[in-house]
Amino acid sequence: ASSAQAICLKVVVPRDTLRVSTYCFLSTIASARGRTDEAADFARQALAIDELHYGRESIQFASALHQLAMVEYSRGQLRKAEELARQSSAIFSRKEGLYGPSMGGNYYALALVQREQGRYSEAEESIRAALTCIGNTQLSPDQNYDASTYLSTLASILDEQNRSAEAIPLYRRALDICTRLG
C-alpha cells in the first residue's frame, strides 16, 4: 500500500475495525470448512474488540454476537446459539425497533435454532418476523436474497410439519427470486 493509502486507512478506518472484519471473515471461512472451533475463536476475538471499543449496547457488538450465534449453531451448540441470538436481537431492537433492518438475520438465526430443537411454532413465528423486516419496500438484491432464504426456511419448517400444501408455493417464490437474481 502507498503511504497515502496507509494514512487514509489510519484516519478513515480504525485499525480495530479492520481487525474485526478480518476476524469475522476468518470465522466465516473456518466455519464453511468445518473448522467450527476455530471459527468460534475468531468470532470471540471480534466480539471482544467490539465490546472494548464500542460497548455492549452498540450495533457493532450486536453484529459480533450474531456472528458468534451462527457459529455456535453450526457447532451444534443450540442453547448457546439461541442465547447469543436473543442478546443480539435485544440490542438491535433497542436501536432499530422490532422489525428494523438488522433484525431479519436475528429472527432467522432464532428460527434455525428453534427448528433444530423441534419447536416448529416458535420457528415459524421467528421466520415470519424475519420476512416482516424485509417488508413491502423496493428490495435491493441483498434483501431479495434474504427474502429467498427466509421463504425457503419457512417452507421447510412448514414441510417438516406435514404442511406441504403451504410449503410448495413458498419454495416456488424463493426459487423465483433466486432465478431473477441470477
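Only a predicted model underlies this, so the values are computations on that prediction, with no experimental measurement involved. (Residues numbered from 1 in each chain as written. Predicted model: local features only at pLDDT ≥ 70, side-chain atom pairs only at ≥ 80, totals over all residues. Heavy atoms only, no water.)

Asker: For this particular structure, what's the right way to read the overall build of the chain?
Answerer: Summing up its helical and strand segments, the chain has nine helices and zero strands in all. Secondary structure elements of the chain, listed N to C terminal, follow the sequence α-α-α-α-α-α-α-α-α. Taking all 182 residues of the chain together, 39% fall into the buried category. (Helix = DSSP H or I, 4+ residues; strand = E, 2+ residues; numbered from the N terminus. Buried < 20%, exposed > 50% of the residue type's maximum accessible area, 1.4 Å probe, protein only.)

Asker: Got a minute to help me understand the packing of helix H3 (residues 36-54) against helix H4 (residues 59-74) in this structure?
Answerer: For any two helices packed against each other, one specifies the inter-axial angle together with the distance between the axes. Between H3 and H4, the shortest axis-to-axis distance is 9 Å and the interhelical angle comes to 165 degrees. By the criterion of interaxial angle, the relationship of H3 to H4 is roughly antiparallel. Considering how the two elements wind past one another, H3 and H4 form a crossing that is left-handed. For the pair H3 and H4, contact is made by Thr-36, Ala-39, Ala-40, Ala-43, Arg-44, Ala-46, Leu-47, Asp-50, Glu-51 and Tyr-54 and by Gln-60, Phe-61, Ala-64, Leu-65, Gln-67, Leu-68, Val-71, Glu-72 and Ser-74, respectively. Classifying every residue of the contact of H3 with H4 by side-chain character gives eleven nonpolar, four polar and four charged. (Axes fitted to C-alpha atoms, helices over the stretch in contact; angles between N-to-C directions. Parallel < 35°, antiparallel > 145°, perpendicular 65-115°, else oblique. Left-handed = near helix turned anticlockwise from the far one by under 90°. Contact = heavy atoms within 4.5 Å. Nonpolar A, V, L, I, M, F, W, Y, C, P; charged D, E, K, R; others polar.)

Asker: Could you clarify how one ought to interpret the confidence of the model for the chain in this entry?
Answerer: As a general rule, the predicted coordinates of low-pLDDT regions are not to be interpreted in detail. On average, residues of the chain score 86 in pLDDT, and 87% of them reach the 70 mark or higher. When mean pLDDT is taken per element in the chain, helix H5 (residues 78-96) scores highest with 94 and helix H1 (residues 3-12) scores lowest with 45. Predicted confidence for residues 4-13 stays below pLDDT 50, and this span has five contacts to residues more than four positions away or in other chains. (pLDDT = per-residue confidence, 0-100.)

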